[in-house]
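# A closer look at the structure
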Amino acid sequence: MTEATPNQVERVGWYLRHISRCLDRDMAFLLSREGLTFAQMLVLRQIKASQCTTLAELTDQLKWAASTLSGIIKRLERDGLVERLPDPSDLRVYRLCITPKAHQVLEVTCKAYNEHLAGILSHFQGEELTALITGLEGLWRAVRKEQPQRLD
């Protein structure tokens, strides 16, 4: 295994930070056209993936404070994107579910983002795109392998 030089480490870090910021900014713009924030979209996607969830489960899944999530959930409810339903097994608990309107908003925003990303990727030739994907897959494996120990 080859060790990266300090210059290579610096360059990779710079590109990762700037690409991430640009893509986040692009996603925020696309979401704003649908009246969503990035955080709201993350919450909606997690609720959808969970097929309804509780606030406690959502807090654990996203690793966010319950107070932060409560405000986001209230706004999503106000906008008709999330509804609270009593849990049939425990009437003291409410399950958070996304509405048909939220399904539609997620579909529109994901499609717009994927089209944007496809436009970016259209600047690559076939072999370049294959090499990019292979490199990103390898980077992802390395990132997961080298994560620092956290006190969760």
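Attention now goes to helix 4 (residues 66–78). Taking 1.5 Å per residue, 13 residues should reach 18 Å; helix 4 reaches 18 Å between its end C-alpha atoms and fits that length. Listing the buried residues of helix 4 in full gives L69, I72, I73 and L76. On an axial view of helix 4, the arc spanned by its buried residues comes to 100°, and they lie on one face. Opposite the buried face of helix 4, at more than 90 degrees from it, the exposed residues are S67, K74 and R78. At the exit of helix 4 stands G80, carrying a positive phi of roughly 75°.

What follows is about the layout of surface pockets. Considered as a void within the structure, the largest pocket measures approximately 840 Å³ in volume. Lining of the largest pocket is provided by 21 residues; of these, L16, I19, L132, L136 and L139 occupy positions nearest its centre. Elements that contribute at least two residues to the lining of the largest pocket include exactly helix 1 (6–32), helix 5 (100–121) and helix 6 (126–145). The leading source of residues in the lining of the largest pocket is helix 6, at 9 residues.

Calculation rules
Residues numbered from 1 in each chain as written. Predicted model: local features only at pLDDT ≥ 70, side-chain atom pairs only at ≥ 80, totals over all residues. Heavy atoms only, no water. Helix = DSSP H or I, 4+ residues; strand = E, 2+ residues; numbered from the N terminus. Expected span 1.5 Å × (residues − 1). Buried < 20%, exposed > 50% of the residue type's maximum accessible area, 1.4 Å probe, protein only. Arc of directions from axis to C-beta. 1 Å grid on protein atoms, 1.4 Å probe; cavity = no way out; pocket = protein on both sides within 12 Å on 5 of 7 lines; lining within 4 Å. Points joined across faces, edges and corners; volume = space filled by probe spheres on them.

Function cannot be read off these values alone, since they describe shape.
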